[in-house]
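Residue-level structure breakdown
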Amino acid sequence: EELRMSFPKNFLWGGAVAANQCEGAWLTDGKQPNVTDVLVGIMSKDPGIKWNKEAEKYEMHLNPDKKYLSHDGIDFYHRYKDDLKLMAGMGFNTFRTSIAWGRIFPNGDEEKPNEAGLRFYDDLFDTMNTLGMEPVITLSHYETPLHLVTEYGGWSNPLLINLWLRYVKAVFERYRGKVKFWLTFNEVNALFRMPLVAGGVLTIKDPKDPDDPIGSTTLQDQWDAYHNLVVANAETVKLAHEIDKNYQVGCMLTCSGVAVYPYNCDPENVLGTLDRKRMDIYYFGDPFCLGIIPSYLQRVWDEQGVHVSFTQEELETIKNHTVDFFSFSYYRSTTFDKEINMQGDTGGLSGRENPYLTDKAPEPWGWAVDPKGLRYTLNVLYDRYHLPLMIVENGVGLDENLNEHDTIDDDFRIHYIDEHIKNVHEAILDGVDCRGYLYWGPIDVVSAGTGEMKKRYGFIYVDRFNDGHGTLERKIKKSYYHYKEIIETNGECLINK
Ligand code: BGP
């Protein structure tokens, strides 16, 4: 009966950001560029890199006409103490961010870590713990060191496994007692949608078309990256449990692809939704959570004419070192109609518009709002994996401006979180073991997909604009006080409405 009234006692309430979208300081204290630093947005098709014929490799070559807002972000690197105090002001008991790999191993292949980078995160995590916020730390949030992409070809190269484990070992040992929850690769299942960002995959051995670096990335390279990432994930879980038995390692997948509904009851559309779940989520979820390489992939590899084979030893490691929990992002649902091709963006997959979803986010992004889709996603994932689930991204980006009272009455965002949080509670009543709800972008950050400041998610406004100007001043929006009340009442203010 107690559960009917509110959320579980120790439910994790908080928010999530990513180093590359908020820290800025992109070359400070020894850090070297990561792959997002050469992209305006992670969906960009023209990364700021150029093929150097003499050196026989790609090199960073930023476009002088482009604005790379992430280079300065919202200056979280210098302002995190005040920003975290604002989060604590809402009663957060947890906060998610990522360690930028390139702060710890700037080029990714150094022997020793960069002490200045380690020290920054020491103080960041100390500040979180002092403010009563349990850190949830993403080991890579699209932040592969650029050098590992241009020099090694990214995750299609098996050498990355050991370079990754060197980085992971350094941070696992350094932050014992400060961090308990670790997430491996942010939205790694977006690998085939964004090979350069999700897998740092770039064919440099014999670029098919040097002027189109992404185009030169082949399906074989992307499946090689899949192979290496699956092995690296298992090795990461193994290492974590060897270093600290309290460490809890979760995978992190973009799961807007679970709530893909058949557009009608044509069996081909039902098969299409099964295919989407398998090829957008389960192909990583099954190795990470069940310790198996799903058998349906063999037909996919045959049809794509690629060759993927795991050694017996790799299969053993994958089987014996599955994740402790499953974390994911959910923004919206979509439909599958065999008549049209599905697209993908940072909100997930998008197919034919669902006529039953009349509740829409305001333009220019206007995502269909489907809170029941989150209840459905939680149930489907729990049925398949029977692991604790953690929502580590859910939110809505809006084009907002301060009003005459120097604030923003973001009623739509309040509506969005109320409906989604109520459906998380329904899923918990359905028997799903959901451990936490972390809102994506509790403070305005640089949008991943569009690279803009204009697409604001925050309960806290940041005075910075697409052209880069602004005071970086923080302002509280109306939703700040609303989310504070939700946390203070452990969700009760919503459930008994
Ligand atoms: C997810 C990313 C986050 C965040 C979110 C919102 O894919 O994990 O980094 O950015 O998308 O996307 P966007 O900022 O493009 O609206």
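Residues numbered from 1 in each chain as written. Predicted model: local features only at pLDDT ≥ 70, side-chain atom pairs only at ≥ 80, totals over all residues. Heavy atoms only, no water.

On to the overall build of the protein chain. If you tally the helices and strands in the protein chain, you get 16 helices and 16 strands. Since a compact globule built from 497 residues should have a radius of gyration of about 23 Å, the 21 Å found for the protein chain is in line with a globular shape. Based on the C-alpha atoms only, the size of the protein chain along its principal axes is roughly 65 × 55 × 45 Å. Burial status across the protein chain gives 62% buried among its 497 residues. Of all intrachain contacts in the protein chain linking residues separated by at least 6 positions in sequence, the fraction that spans at least 24 positions is 76%. When the 52 basic and 75 acidic side-chain charges of the protein chain are each reduced to a single mean position, those positions are 2 Å apart. (Helix = DSSP H or I, 4+ residues; strand = E, 2+ residues; numbered from the N terminus. Rg over C-alpha atoms; globule rule 2.2 N^0.38 Å. Buried < 20%, exposed > 50% of the residue type's maximum accessible area, 1.4 Å probe, protein only. Contact = heavy atoms within 4.5 Å. Lys, Arg positive; Asp, Glu negative; His and termini not counted. Charge placed at Lys NZ, Arg CZ, Asp CG, Glu CD.)

Let us look at the packing of aromatic side chains. Applying the stated rule across the entire model yields 42 aromatic pairs. Here the aromatic rings of Trp 182 and Tyr 247 are separated by 5.6 Å at their centres, their planes lie at 80°, and the arrangement is edge-to-face. Residue Trp 182 is found in strand 6 (residues 181-185), and its partner Tyr 247 is found in the loop between helix 9 (219-243) and strand 7 (248-254); the two are separated by 65 residues along the sequence. Judged by relative accessible area, Tyr 247 falls into the buried class, the value being 1%. Between Tyr 331 and Tyr 457, the ring centres sit 6.3 Å apart and the planes meet at 70°, which makes this aromatic pair edge-to-face. Placement of Tyr 331 in the loop between strand 9 (325-329) and strand 10 (334-336) and of Tyr 457 in the loop between strand 14 (434-440) and strand 15 (460-462) is noted, with a sequence separation of 126 residues between them. The two residues Tyr 331 and Tyr 457 agree in class, both being buried. An aromatic cluster is present here, built from Phe 7, Phe 11, Trp 13, Phe 92, Tyr 437, Tyr 439, Phe 459 and Tyr 483 joined pairwise through their rings. Just above the ring of Phe 465 sits the side chain of Arg 456; from NZ or CZ to the centre is 5.5 Å. (Phe/Tyr/Trp six-rings, centres within 6.5 Å; stacked < 30°, edge-to-face > 60°. Lys NZ or Arg CZ within 6 Å of the ring centre and 35° of its normal.)

Attention now goes to the sheet that holds strand 13 (residues 389-393). Spatially, 1-4-5-6-7-9-13-14 is the arrangement adopted by the eight strands of the closed barrel, whose pairing is parallel. Neighbour-to-neighbour, the strand axes of this sheet turn through a mean angle of 25°, independent of strand direction. In the sheet, strand 4 (residues 94-98) pairs with strand 5 (residues 134-140) via five bridges, with the strands oriented parallel. When the bridges of strand 5 are listed, Arg 96 appears paired with Val 136. Here helix 13 (residues 371-385) sits on the sheet in contact with strand 9, strand 13 and strand 14, set at roughly 155° to strand 9. Along the sheet, helix 14 (residues 411-429) contacts strand 1 (12-16), strand 13 and strand 14; its crossing angle with strand 14, the most-contacted strand, is approximately 165°. (Pairing = 2+ DSSP bridges. Axes fitted to C-alpha atoms, helices over the stretch in contact; angles between N-to-C directions.)

Around the ligand sit 14 residues in total, of which Gln 21, Glu 187, Thr 346, Gly 449 and Tyr 457 are the nearest. Asn 186 is positioned with one of its side-chain polar atoms (N or O) 3.1 Å from an oxygen atom of the ligand. Tyr 457 is positioned with one of its side-chain polar atoms (N or O) 2.5 Å from an oxygen atom of the ligand. Here the ligand has 380 Å² of accessible area as a free molecule, and 100% of this is covered by the chains. (Near = heavy atom within 4 Å. Polar contact = N/O pair within 3.5 Å; in protein donor to acceptor, adjacent residues only side chain to side chain. Areas by Shrake-Rupley, 256 points an atom, 1.4 Å probe, with all protein chains shown as cover.)

The subject of this paragraph is the environment of Glu 235. Within the element layout of this structure, Glu 235 appears in helix 9. For Glu 235, the residues in contact, after removing those within four places along its chain, are Leu 165 and Thr 317.

Interaxial distance between helix 14 and helix 15 (residues 478-488) falls to 9 Å at its minimum, and their mutual angle equals 20°. What the angle tells us is that helix 14 and helix 15 run roughly parallel. You can see that helix 14 and helix 15 cross each other, and the crossing is right-handed. Residues Asp 411, Arg 413, Ile 414, Ile 417, Asp 418 and Ile 421 of helix 14 lie in contact with helix 15, whose contacting residues are Lys 478, Ser 479, His 482, Tyr 483 and Ile 486. Taken together, the residues of the contact of helix 14 with helix 15 sort by class into five nonpolar, two polar and four charged. (Parallel < 35°, antiparallel > 145°, perpendicular 65-115°, else oblique. Left-handed = near helix turned anticlockwise from the far one by under 90°. Nonpolar A, V, L, I, M, F, W, Y, C, P; charged D, E, K, R; others polar.)

What the rule picks out here adds up to 41 salt bridges. A salt bridge links Lys 478 to Asp 411, with the nearest nitrogen and oxygen atoms 2.6 Å apart. A residue pair is termed long-range when its members are at least 10 positions apart, and Lys 478 in helix 15 and Asp 411 in helix 14 qualify at 67 residues. On the basis of relative accessibility, which here comes to 40%, the residue Asp 411 falls in the partly exposed class. A salt bridge links Lys 477 to Asp 444, with the shortest nitrogen-to-oxygen separation between them at 3.0 Å. Of the two residues, Lys 477 is situated in the loop between strand 16 (474-476) and helix 15 and Asp 444 in the loop between strand 14 and strand 15; the sequence distance between them amounts to 33 residues. Take Lys 477 and Asp 444: they sit in the same class, and that class is buried. Within this structure, Glu 115, Arg 119, Asp 122, Asp 126, Arg 174 and Lys 178 form a network of salt bridges that share partners. (Salt bridge = Lys/Arg side-chain N within 4 Å of Asp/Glu carboxyl O.)

Within the largest apolar cluster, 134 residues are counted, with the highest numbers of intra-cluster contacts made by Tyr 226 and Tyr 483. Among the elements that take part in this core, helix 9 stands out by supplying 12 residues, more than any other. Among residues more than four places away in sequence, those in contact with Tyr 483 are Trp 13, Gly 14, Met 90, Phe 92, Ile 417, Ile 421, Tyr 437, Tyr 439 and Phe 459. Membership of the second largest hydrophobic core comes to 19 residues, among which are Val 38, Trp 51, Val 197 and Ile 204. (Core = buried A, V, L, I, M, F, W, Y, C linked by side-chain atoms within 4.5 Å.)

With respect to the helices, strands and loops of the structure, Asp 221 is situated in helix 9. With residues up to four places along the chain from it excluded, the contact list for Asp 221 reads Ser 156, Val 201, Thr 203 and Lys 205.

Right, let's get into the pairing of strand 2 (residues 49-52). Pairing between strand 2 and strand 3 (residues 57-60): four bridges, direction antiparallel. Bridge pairing links Asn 52 to Lys 57 in strand 3. From the end of strand 2 to the start of strand 3, which pair antiparallel, there are four residues, and Glu 56 there has a positive phi angle of about 60°.

Attention now goes to the packing of helix 9 against helix 11 (residues 296-304). For the pair helix 9 and helix 11, the least separation of the axes is 11 Å and the interaxial angle reads 155°. In terms of orientation, helix 9 and helix 11 fall into the roughly antiparallel class. In this structure, helix 9 meets helix 11 at a crossing whose hand is left-handed. Touching Leu 219, Trp 223 and Tyr 226 of helix 9 are Leu 297, Val 300, Trp 301 and Gln 304, all from helix 11.

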